[in-house]
Amino acid sequence: MLDPVLLRTRLDEVRTRLGTRGNGFGGDLDRLVELDVERRAILPVLETARHARKDVGERIARARRAGESADDLVKAGQEHAAAIKEQETKLESVEAERSAWALKLPNLPHESVPVGSSEADNVEVRAHGERPGFEFEPRPHWEIGPALGILDFERAAKLAGARFAVLTGAGARLARALINFMLDLHTSEHGYTEVEPPFLASSEALTGTGNLPKFEADLFKIAGQWDLYLIPTAEVPLCNLHRDEILDGRTLPVWYVAYTPCFRSEAGSYGKDVRGLIRQHQFDKVELVAYATPETSWDVHEALTRHAEEVLKRLGLPYRTMLLCTGDMGFAASKTYDLEVWLPSYGAYREISSCSNTEAFQARRGGIRFRRDGRGKPEHAHTLNGSGVAVGRALVAILENYQQRDGSVLIPDVLRPYMQGREIIEPAAPQAKR
RNA sequence: GGAGGGAUGGCCGAGCGGUCGAAGGCGGCGGUCUUGAAAACCGUUAGCGGGGAAACUCGCUCCUGGGUUCGAAUCCCAGUCCCUCCGCCA
């Protein structure tokens, strides 16, 4: 949600800055402002009427105590009550429409974000690592994995359909190794507090992060009389941890890390990344979330991005850090860095992490505030999130970047302690074939 | 799944439908006393939104949302969450 004061006082600037966003905001800004004006016109009238009612009520009480008749006063009270009802009804409908619009407005891009219309306008900030030079034709992970007997799409289809995968043996172990490696790195070296949240979230929680009301189609909703959805990312539970709370500013920033599975309907992505693990309905992710004061949030953003990068560095995966342009940013983000890992099968870098500062956008929706020095007026906190990193895509990157001519895959050094010292994944002895 | 009990300020806890935004206690803050501290005593202490330079003032807020009423912390309905017992269960 945008700052309503900004909308009131600097409408043209807001309009211009929102206009640089990709899919636009699809809302009528003028209507929103109009509704805000209407709302603020109704309020004084309503409050005056309420005051009058209260006053009459007190006089009735006094009259009754004195044993006098209060019939006239009761009559006046009835009139006030009717007037209040009328104003309340008006306010309710105006407010309903106003907040519906307000919740669909995306965040304002930060000044440092390059204006652009698509990912082609994103800016490379830095790159790290050497792309592997193969002396053979590298294969894509959807061939490497099944050949090693650690990745199975066909059996997954029996269980749940397309866009699901089964990991077995060293594959499952590798995923678990990645999760543990990332959690260990972030908790013991980067100072994050580990969280294991629910994997389902309420509509209220999803509204706080900005997934609802606009992007319901991207979510899996639980059937029946449940107001619950499968989480599309641990950002949702982590950013709602302190919803409707007032934090002590002296404790900020606070850092959380969680491993969770993530669930996405991938509506509208038919024909995109249909092969392999890149785009699945369910995938594992280690997520980083921070709560910060407005003065520190940009430093925190840089730090959080570096924390995600550190994962790729230690895994020895070549990556680059991209500053997303206005047209390619997500709904809630004010500024986003994407980390892109090199995938030989695509001959390209693919997103493996996305690190955003939403400033007060989510905090305003979710009522996340803090008090400086634990005292004074509450202010909205800033929230930040980033993948640290996507497990499925990391696994893909390892299979493809560490593949050998004979089809085996080397295990990155940092993961070996998590793989019982194992250094390489080779085809398993033939097991029960289909 | 069944049967009960509960939700009030930072915390605990009282509250006949009528100056109740709410007794009392704890905690916090200020003070008296003291060389200093403790104890004791006195005073003070909810949040949010609007108006005002300020003193101050108006509205909302006793889990949430409806309802009854001139008037609701208090009565009615629905829901949420917590607790106890029974059943089931990793």
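Preceding this paragraph is the structure being described.
Treat the numbers as computed from the prediction; the structure is a model and nothing was measured. (Residues numbered from 1 in each chain as written. Chains lettered and ligands numbered in written order. Predicted model: local features only at pLDDT ≥ 70, side-chain atom pairs only at ≥ 80, totals over all residues. Heavy atoms only, no water.)

Draft legend 1. Looking closely at the packing of helix α3 (residues 29-65) against helix α4 (residues 71-102). Where α3 meets α4, the axes come as close as 8 Å, and the angle between the chain directions of the two elements is 155°. When the interaxial angle is binned, α3 and α4 end up roughly antiparallel. Classified by chirality, the crossing of α4 by α3 is left-handed. Class assignment of the residues belonging to the contact of α3 with α4 gives a composition of 17 nonpolar, three polar and 13 charged. (Axes fitted to C-alpha atoms, helices over the stretch in contact; angles between N-to-C directions. Helix = DSSP H or I, 4+ residues; strand = E, 2+ residues; numbered from the N terminus. Parallel < 35°, antiparallel > 145°, perpendicular 65-115°, else oblique. Left-handed = near helix turned anticlockwise from the far one by under 90°. Nonpolar A, V, L, I, M, F, W, Y, C, P; charged D, E, K, R; others polar.)

Draft legend 2. Examining the protein's contact with RNA strand B more closely. As a matter of local geometry, RNA strand B sits amid 18 residues, with H51, I60, R64, Q78 and P378 nearest to it. Taken together, the sugar and phosphate atoms account for 68% of what RNA strand B places within 4 Å of the protein. Between RNA strand B and the protein, one listed contact pairs a sugar or linking oxygen with a side-chain N or O atom of R50 at 3.4 Å. At 3.1 Å from a base nitrogen of RNA strand B is found a main-chain nitrogen or oxygen belonging to G57. In terms of residue count, the dominant contributor to the surface near RNA strand B is α3 (ten residues). Each residue belonging to the surface near RNA strand B can be placed in one class, and the counts come to five nonpolar, four polar and nine charged. (Near = heavy atom within 4 Å. Polar contact = N/O pair within 3.5 Å; in protein donor to acceptor, adjacent residues only side chain to side chain.)

Draft legend 3. Highlighting the sheet that holds strand β13 (residues 368-371). Read across the open sheet, the three strands follow the order β7-β13-β14; overall the sheet is mixed. Since the sheet does not close on itself, it has two edges, and those belong to β7 (245-248) and β14 (379-380), each with one partner. As paired strands, β7 and β13 are joined by four bridges and run parallel to one another. By the bridge assignment for β13, E245 is matched with I368. (Pairing = 2+ DSSP bridges.)

Draft legend 4. Region of the structure containing the pairing of strand β11 (residues 335-343). Of all nine residues in β11, nine are buried, a share of seventy percent or more. Burial of the side chains of β11 extends over both faces: K335, Y337, L339, V341 and L343 are buried on one face and T336, D338, E340 and W342 on the other. As paired strands, strand β10 (residues 319-323) and β11 are joined by five bridges and run antiparallel to one another. Note that in β11 the partner of M322 across the bridge is D338. Alignment of β11 against strand β12 (residues 348-357), held across nine bridges, turns out to be antiparallel. Pairing of V341 across the sheet is with R350, part of β12. Joining the antiparallel neighbours β11 and β12 is a turn of four residues, in which G347 adopts a positive phi near 60°. (Buried < 20%, exposed > 50% of the residue type's maximum accessible area, 1.4 Å probe, protein only.)

Draft legend 5. Structural detail: the packing of helix α2 (residues 11-19) against α3. One can describe the packing of α2 onto α3 by two numbers: an axis separation of 11 Å at closest approach and a directional angle of 145°. In the crossing of α2 with α3, the sense of the turn from one axis to the other is right-handed. Between α2, through L11, V14 and R15, and α3, the contact on the second element is made entirely by L29, D30 and V33. (Contact = heavy atoms within 4.5 Å.)

Draft legend 6. Local environment of a negative patch on the surface. A cluster of acidic residues, E119, D121, D328 and E351, forms a negative patch at the surface. Among the secondary structure elements, E119 is positioned in the loop between α4 and β1 (123-128). (Patch = residues over 30% accessible without salt bridge, like charges linked within 9 Å, V, L, I, M, F, W, Y side chains within 5 Å. Areas by Shrake-Rupley, 256 points an atom, 1.4 Å probe, with all protein chains shown as cover. Salt bridge = Lys/Arg side-chain N within 4 Å of Asp/Glu carboxyl O. Lys, Arg positive; Asp, Glu negative; His and termini not counted. Charge placed at Lys NZ, Arg CZ, Asp CG, Glu CD.)

Draft legend 7. Spotlight on the nonpolar core. Counting residues in hydrophobic clusters, the biggest one holds 52 residues, and the most contacted among them are L178, M182, I398 and L415. Look past the residues within four positions of L178 in its chain and what remains in contact with it is L315, V391, A394, L395, I398 and L415. Counting 15 residues, the second-largest nonpolar core is a separate cluster that includes V195, A234, L252 and A363. (Core = buried A, V, L, I, M, F, W, Y, C linked by side-chain atoms within 4.5 Å.)

Draft legend 8. Focus on the pattern of salt bridges. Tallying each qualifying case throughout the model produces 25 salt bridges. Here E204 and R243 are joined by a salt bridge, their closest N and O atoms 3.2 Å apart. Taken together, the residues E204 in helix α8 (residues 203-209) and R243 in the loop between α9 (235-240) and β7 connect sequence positions 39 residues apart. For R279, the salt bridge goes to D273, with nearest N and O atoms at 2.9 Å. Each of E266, D273, R279 and R350 takes part in a single network of salt bridges with overlapping partners.

Draft legend 9. Up close: the sheet that holds strand β4 (residues 193-194). The strand order across the open sheet built from eight strands is β1-β10-β11-β12-β15-β9-β8-β4, with neighbouring strands paired in mixed fashion. Each end of this open sheet is capped by a strand with a single partner; those strands are β1 and β4. Where β1 and β10 come together, five bridges link them in antiparallel fashion. Bridge pairing links V123 to L323 in β10.

Draft legend 10. Fine view of the environment of Q87. Among the structural elements, Q87 can be located in helix α4. Relative accessible area serves as the criterion here: at 10%, Q87 is assigned to the buried category. When the C-alpha positions of Q87 and L384 are compared, they lie 40 Å apart, and in sequence the two are 297 residues distant. Not counting residues within four places of it along the chain, the set of residues in contact with Q87 comprises I42, V45 and L46.

Draft legend 11. Inspection of helix α12 (residues 391-401) at higher detail. Among the eleven residues that make up α12, eleven are buried, leaving the element largely enclosed by the rest of the structure. Buried within α12 are the following residues: V391, G392, R393, A394, L395, V396, A397, I398, L399, E400 and N401.

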